[in-house]
Amino acid sequence: MFGLLATLAFAATTAFQAQAALPANCDRSATVATGDTCNGISATHNVSTYQLAAVNTGIIDPNCDNLYVGEVICLGITGQDCSTTYVVQYNDTCVGIAGVHNISENTLLKNNPNLNQICTNLYPDEVLCVSSTIYAQSA
């Protein structure tokens with residue numbers, strides 16, 4: 001019984017800390033559900049994988065393997081919230097993605113600073129910001 005109470009108390013404390021750690025200017029948020037991944041959350045809520053990680057620094061680790069059910073995470077910061085997204089498919093290229101979305105490759109790279117300049121680190125199921133407006137801050 002004590003073990004169960006201690007576990008529940010720890011979970012409640014951790015959930016409170018995660019909620020308290022959200023940025024004050026968080027524009028929208030989501031609660032992690034069973035089976036959620038960062039790419040899945042990003043695709044469901046139209047937020048780039050980069051943006052999800054950037055606005056949850058200190059909450060989500062770089063590999064995004066520390067999500068837990070019930071955790072509240074920020075999806076975007078007021079004034080910097082790109083919700084025009086695209087889920088990368090196998091064999092996509094940055095040039096092709098930019099062309100389909102009528103944006104320059106430079107705009108694509110600026111909004112997704114996790115991509116390298118020659119776009120060799122693009123991977124399937126990654127969610128990219130494909131807005132013509134620049135939202136991401138310099139990395």
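Residues numbered from 1 in each chain as written. Predicted model: local features only at pLDDT ≥ 70, side-chain atom pairs only at ≥ 80, totals over all residues. Heavy atoms only, no water.

A.B. asks: If you had to explain the overall build of the protein to someone new, which residues and values would you point to?
C.D. replies: Secondary structure summary: the protein contains 5 helices and 4 strands in total. Helices and strands in the protein line up, N terminus first, as α-β-α-α-β-β-α-α-β. Looking at the 139 residues of the protein, the share that counts as buried comes to 35%. Here the analysis covers contacts within the protein between residues at least 6 apart in sequence; of these, 69% occur between residues at least 24 apart. Accessible surface for the protein amounts to roughly 7800 Å². Of this, 56% is attributable to carbon and sulfur atoms. (Helix = DSSP H or I, 4+ residues; strand = E, 2+ residues; numbered from the N terminus. Buried < 20%, exposed > 50% of the residue type's maximum accessible area, 1.4 Å probe, protein only. Contact = heavy atoms within 4.5 Å. Areas by Shrake-Rupley, 256 points an atom, 1.4 Å probe, with all protein chains shown as cover.)

A.B. asks: Provide a residue-level description of the environment of Glu105, including the pertinent values.
C.D. replies: Its location among the elements puts Glu105 in helix 5 (residues 105–111). Using a relative accessible area of 29% as the deciding quantity, one classes Glu105 as partly exposed. For the pair formed by Glu105 and Gln117, sequence separation is 12 residues and the distance between their alpha carbons is 9.6 Å. Those residues in contact with Glu105 that lie beyond four places of it in its chain are Cys94, Val95 and Ala98.

A.B. asks: Report on the environment of Tyr86, specifying residues and quantitative values.
C.D. replies: Residue position: Tyr86 is located in strand 3 (residues 85–87). At 2.6 Å, the side chain of Tyr86 and the side chain of Asp92 are in polar contact. (Polar contact = N/O pair within 3.5 Å; in protein donor to acceptor, adjacent residues only side chain to side chain.)

A.B. asks: Residues and numbers for the environment of Gly76, please.
C.D. replies: Structurally, Gly76 can be placed in strand 2 (residues 72–77). As a C-alpha pair, Gly76 and Cys26 span 50 residues in sequence and 5.8 Å in three-dimensional space. Setting aside its immediate chain neighbours within four residues, Gly76 contacts Asn25, Cys26, Asp27, Arg28, Gln51, Val55 and Asp81.

A.B. asks: Outline unusual backbone geometry, supporting the account with residue identities and numerical values.
C.D. replies: With a phi close to 50 degrees, Asn46 is a non-glycine residue in the positive phi region. Inspection of the secondary structure puts Asn46 in the loop between helix 2 (38–45) and helix 3 (49–55). At Asp125, a position not held by glycine, the phi torsion is positive, near 80 degrees. In this structure, Asp125 sits in the loop between helix 5 and strand 4 (127–129).

A.B. asks: Could you give an account of the confidence of the model for the protein, with specific residues and numbers?
C.D. replies: The predicted model of the protein averages 86 in pLDDT, with 83% of residues at 70 or higher. Per-residue pLDDT, averaged within each element of the protein, yields its smallest value for helix 1 (residues 2–20) (43) and its largest for strand 3 (98). Counted against residues more than four places away or in other chains, residues 1–18, with its pLDDT under 50, gives 6 contacts. (pLDDT = per-residue confidence, 0-100.)

A.B. asks: Explain the state of the cysteines to me, and be specific about the residues and the numbers.
C.D. replies: Simply put, disulfide is the name for a covalent bond between the sulfur atoms of two cysteines. Counted by the stated rule, this structure contains 4 disulfides. Across the disulfide from Cys26 sits Cys74; the S-S distance is 2.3 Å. The disulfide joining Cys26 to Cys74 has a torsion of about 115 degrees about its S-S bond and is therefore right-handed. Of the two residues, Cys26 sits in strand 1 (residues 26–31) while Cys74 sits in strand 2, which places them 48 residues apart along the sequence. (Disulfide = S-S within 2.5 Å.)

A.B. asks: Explain the pairing of strand 2 to me, and be specific about the residues and the numbers.
C.D. replies: Remark: a regular strand shows side chains that alternate across the two faces of the sheet. The buried count for strand 2 comes to 6 of 6 residues, which makes it a mostly enclosed element. Judged from the 5 bridges that link them, strand 1 and strand 2 form a sheet pairing that is antiparallel. Looking at the pairing, Arg28 lines up with Gly76 of strand 2. (Pairing = 2+ DSSP bridges.)

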